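Architecture and fold: a report
This is what each chain is made of:
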Amino acid sequence: MEKLFICLFSIVIFVYNNLFLNNFINTTYAQLKPIPSYAKWGQVAMQMTKEQYPQAKIIDYLHIGRNKGENTSIEKFKLWLKENNKEFGVFVNIKFDNKTEQIIDVKFRETK
């Protein structure tokens, strides 16, 4: 009887550690990750791409980088789209004012 109790107790501890404790640690870690500075512009890039290509589905997303100027900056992204049976890439460049973050221009360029 004592061996059965020890075995069941060990199983309960194992399940608790692997299911509950690990999920809590992973959730806590995920919440501590900082939001990247380009996240806002990534959302803008995806929204504007949906407007430019309303029939296409965005299937992938890549932040290329930022060209920072004295007064304006350009945030660069590449999105991969699928429309019908065609897949293609779209480079999206968002030019904005550094002080106000107002969008000045958005350029789209398709690629294969």
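A brief report on the enclosed structure follows.

Cut-offs and rules
- Residues numbered from 1 in each chain as written.
- Predicted model: local features only at pLDDT ≥ 70, side-chain atom pairs only at ≥ 80, totals over all residues.
- Heavy atoms only, no water.
- Salt bridge = Lys/Arg side-chain N within 4 Å of Asp/Glu carboxyl O.
- Helix = DSSP H or I, 4+ residues; strand = E, 2+ residues; numbered from the N terminus.
- Buried < 20%, exposed > 50% of the residue type's maximum accessible area, 1.4 Å probe, protein only.
- Polar contact = N/O pair within 3.5 Å; in protein donor to acceptor, adjacent residues only side chain to side chain.
- Contact = heavy atoms within 4.5 Å.
- Pairing = 2+ DSSP bridges.
- Axes fitted to C-alpha atoms, helices over the stretch in contact; angles between N-to-C directions.

Before going further, it helps to spend a moment on the pattern of salt bridges. Applying the stated criterion to the full structure yields three salt bridges. We note a salt bridge from Glu-101 to Lys-40, for which the minimum N-O separation is 2.7 Å. Pair noted here: Glu-101 is in the loop between β3 (86-97) and β4 (103-111) and Lys-40 is in helix α2 (residues 39-52), with a separation of 61 residues, a long-range link. On the basis of relative accessibility, which here comes to 36%, the residue Glu-101 falls in the partly exposed class. With a relative accessible area of 39%, Lys-40 lands in the partly exposed category.

This paragraph deals with unusual backbone geometry. Within the chain, Asn-84 stands out as a residue other than glycine whose phi angle is a positive 60°. By the element assignment, Asn-84 lies in the loop between β2 (72-83) and β3. The exposure class assigned to Asn-84 is exposed, which follows from its relative accessible area of 70%. The phi angle at Glu-101 is positive, at roughly 60°, despite the residue not being glycine.

On to the side chain of Thr-49, then. Turning to its location among the elements, Thr-49 is positioned in helix α2. On the basis of relative accessibility, which here comes to 1%, the residue Thr-49 falls in the buried class. One polar contact links the side chain of Thr-49 to the main-chain carbonyl oxygen of Ala-45, over a distance of 2.6 Å. Ignoring any residue separated from it by four or fewer positions in sequence, one finds Thr-49 in contact with Ile-58, Leu-79, Leu-81, Val-92 and Phe-108.

To continue, consider the sheet that holds β3. Reading across the sheet, the four strands line up as β1-β2-β3-β4 and stay open at both edges, with antiparallel pairing between neighbours. The open sheet terminates on both sides in strands that have one partner only, identified here as β1 (57-68) and β4. On average, each strand axis in the sheet is inclined to that of its neighbour by 20°, with strand direction left out of account. The pairing of β3 with β4 spans eight bridges and is antiparallel. Directly across from Phe-91, in β4, lies its bridge partner Arg-109. Helix-sheet contacts for α2 involve β1, β2, β3 and β4, and the interaxial angle to β2 is about 50°.

One can find Tyr-61 in strand β1. Expressed as a C-alpha distance, the spacing of Tyr-61 and Leu-81, which sit 20 residues apart in the sequence, is 9.1 Å.

A few words on the environment of Glu-83. Along the chain, the position of Glu-83 falls in strand β2. Expressed as a C-alpha distance, the spacing of Glu-83 and Gln-55, which sit 28 residues apart in the sequence, is 6.3 Å. Residue contacts for Glu-83: discarding those within four places in its chain leaves Gln-55, Ala-56 and Phe-88.

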